[in-house]
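Working through the structure, step by step
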Amino acid sequence: MEYEEPKFFHVMQYAAAADGDVIDMVSGNPDWEPPAALREALRDYADLPPDDFQYPPSEGLPELREAIAERRNVDADRVVVTNGTGEANYLAMARAFERGAGDEAVLTDPVYPYYPGKVDMLGGEATLVPTERDGGLDLAAMREAASDDTALIALNTPNNPTGAIYDLDAVREVVEIAHAVDALVMVDEVYDHFDLTGEFESALTLDSDRVIVTSGFSKSMAITGFRVGYGVFPEAHVGEAKTRHMLVNVAGARPSQYAVHHALAETPPGYYAEARELLADRVDAFTDALDAAGAEYSRPEGAFYVLARFEGFPGTMANVKRLVDEAGVAGMPGEAFGSARDEWIRFALVTPRAVEAAERLADYFGD
């Protein structure tokens, strides 16, 4: 399989090499502090005995799996701690395909680019189903797309890049579609702490043996470099997921799991609330500026991205580079997320300069 550099890296490299000052709104790296308890746990870890510097259990530290299980109201035996949510997604997709139930994956469009990449790597075929204009699920289109060859339906809520939160009844209908064609449903909930509406409900509440929920701590604790994610698998599939995880990785990193476990136990709800408030303020300021620029945009219900469309300025890679050079703002081309929003540009609001970036866009497109 030939390596193809992700478009994210390409844009970031181009912005870094630009002559002028450029505000990076490309990647989803939170710009706020991780929990204080996490830093304290790392300091403590350095003084632990040598045994704690060796392999952890392959499926994750028992205490971390128990903490995740308690939060998710599931049995700890169903939890596999992974190297980021990305690996949890990989394990879920692999499990869907290896059952012999087909080789098609139904994905929403726009789509997080690593989903179709993983499908391709696993020998599957991706079918993209456009969402509604507001980013919500088009259930009729999804029902029409699903077939006897469909092994996997992948959802991401709160969604990257649309910011949509899928209504639980809609997710339930997707699970019914999956049941009819013998597919599994992977629901990536990595942005669950960034629900700006108060209406998010986890797919785990459906208690379905068709649903695999994936998540992690990269975003919620602002630790994308720690690579601690997890999957919650139905009992019938967790054994195979653990085996694949062990054969690919042996185990995850013990220090980061240790630190995340302590942060889970000791971080107050206010930490997450402050992050949501910060993002809500940025959404307000950014969308106000987009109004001034005459842009069409999707106001996020969750996560921390805004999709915007500027008249006569489609979201191509060439135009994204033009924005870097002429406006000093770096976003992601809509064409990187499929074809349904290829005229749009995605901006990540995880920068303290989000308001300044919005003002630059308003000046640039408002002239």
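Provided above is the structure to which this section pertains.
Residues numbered from 1 in each chain as written. Predicted model: local features only at pLDDT ≥ 70, side-chain atom pairs only at ≥ 80, totals over all residues. Heavy atoms only, no water.

Ordered in space as 9-10-13-12, the 4 strands form an open sheet in which the pairing is antiparallel. Since the sheet does not close on itself, it has two edges, and those belong to strand 9 (296–298) and strand 12 (332–333), each with one partner. Direction of pairing for strand 12 relative to strand 13 (residues 345–348): antiparallel, over a ladder of 2 bridges. Within strand 13, the position partnered with Met332 by the bridge is Arg346. (Pairing = 2+ DSSP bridges. Helix = DSSP H or I, 4+ residues; strand = E, 2+ residues; numbered from the N terminus.)

Our next topic: the layout of surface pockets. Reported here for the second largest pocket is a volume of approximately 590 Å³. Together, 26 residues line the second largest pocket, and Tyr112, Tyr114, Tyr191, Lys219 and Arg227 are the ones closest to its centre. Contributing elements (two or more residues each) for the lining of the second largest pocket: helix 1 (7–16), helix 4 (84–97) and helix 5 (114–121). Tallied by class, residues from the lining of the second largest pocket come to 9 nonpolar, 11 polar and 6 charged. (1 Å grid on protein atoms, 1.4 Å probe; cavity = no way out; pocket = protein on both sides within 12 Å on 5 of 7 lines; lining within 4 Å. Points joined across faces, edges and corners; volume = space filled by probe spheres on them. Nonpolar A, V, L, I, M, F, W, Y, C, P; charged D, E, K, R; others polar.)

The alternating pattern of strand 8 (residues 229–232) places Gly229 and Gly231 and Tyr230 and Val232 on opposite faces, both of which are buried. Direction of pairing for strand 7 (residues 211–216) relative to strand 8: antiparallel, over a ladder of 4 bridges. Its bridge partner lying in strand 8, Thr214 is registered against Gly231. (Buried < 20%, exposed > 50% of the residue type's maximum accessible area, 1.4 Å probe, protein only.)

Looking now at the packing of aromatic side chains. In this description, an aromatic ring pair is defined by two values, namely the gap between the centres and the angle between the planes. The tally for this structure, following the rule as stated, stands at 18 aromatic pairs. Their ring planes at 85° and their centres at 5.3 Å tell us that Tyr191 and Phe304 sit as a pair that is edge-to-face. In this pair, Tyr191 is assigned in the loop between strand 6 (184–188) and strand 7 and Phe304 in the loop between strand 9 and strand 10 (305–309), connecting sequence segments 113 residues apart. Residue class for Tyr191 comes out buried when judged on its relative accessible area of 4%. The exposure class assigned to Phe304 is buried, which follows from its relative accessible area of 1%. Among the aromatic residues, those joined into a cluster by ring pairs are Phe286, Phe310, Phe313, Phe347, Tyr364 and Phe365. (Phe/Tyr/Trp six-rings, centres within 6.5 Å; stacked < 30°, edge-to-face > 60°.)

Generally speaking, a soluble globular protein has its nonpolar side chains buried in company with each other. Trp32, Ile153 and Leu155 are the most contacted members of the largest nonpolar core, which totals 62 residues. If you tally residues by element for this core, the top one is helix 7 (residues 168–181), at 8 residues. Per-domain counts for this core show at least three residues from each of domain 1 (4–34 + 270–365) and domain 2 (54–266). Apart from the residues within four sequence positions on either side, Ile153 is in contact with Val106, Met142, Val174, Ile177, Ala178, Leu184, Val185 and Met186. Counting residues in each nonpolar core, the second largest holds 37 residues, with Ile23, Phe286, Leu290 and Phe365 among its members. (Core = buried A, V, L, I, M, F, W, Y, C linked by side-chain atoms within 4.5 Å. Domains from an automatic or database assignment. Contact = heavy atoms within 4.5 Å.)

Moving on, we come to unusual backbone geometry. At the junction of Asp109 and Pro110, the peptide bond is cis and its omega measures out at 10° in the coordinates. With respect to the element layout, Pro110 can be found in the loop between strand 3 (104–109) and helix 5. In this chain, Thr157 is followed by Pro158 through a cis amide linkage whose omega measures -10°. In this structure, Arg227 is a non-glycine residue whose phi angle is positive, near 55°. Its location among the elements puts Arg227 in the loop between strand 7 and strand 8. Under the relative-accessibility criterion, Arg227 is labelled partly exposed at 37%. One non-glycine residue, Val250, adopts positive backbone phi at about 70°. Within the secondary structure, Val250 is located in the loop between helix 8 (235–249) and helix 9 (254–266). The exposure class of Val250 is partly exposed, given its relative accessible area of 44%.

Let us look at the pattern of salt bridges. A complete count under the given rule lists 23 salt bridges for this structure. Here Arg133 makes a salt bridge to Glu296, at a shortest N to O gap of 3.3 Å. With a gap of 163 residues between them, Arg133 in the loop between strand 4 (125–130) and helix 6 (139–145) and Glu296 in strand 9 connect regions that are remote in the sequence. The salt bridge partner of Arg172 is Asp169, with a shortest N-O separation of 2.5 Å. Taken together, the residues Arg172 and Asp169, both in helix 7 and 3 residues apart, mark about one turn of the helix. When its relative accessible area of 46% is taken as the criterion, Asp169 is described as partly exposed. (Salt bridge = Lys/Arg side-chain N within 4 Å of Asp/Glu carboxyl O.)

Strand pairing in a sheet relies on backbone hydrogen bonds, with the paired strands running either antiparallel or parallel. If you trace the 7 strands from one edge of the open sheet to the other, you get 2-8-7-6-5-3-4, paired in mixed fashion. Of all the strands in the sheet, the pair left with one neighbour each is strand 2 (79–82) and strand 4. The sheet shows a mean angle of 20° between the axes of neighbouring strands, taken without regard to direction. Strand direction decides the pairing type here: strand 3 and strand 4, joined by 6 bridges, are parallel. (Axes fitted to C-alpha atoms, helices over the stretch in contact; angles between N-to-C directions.)

Treat this as a map of the structure, not an account of what it does.
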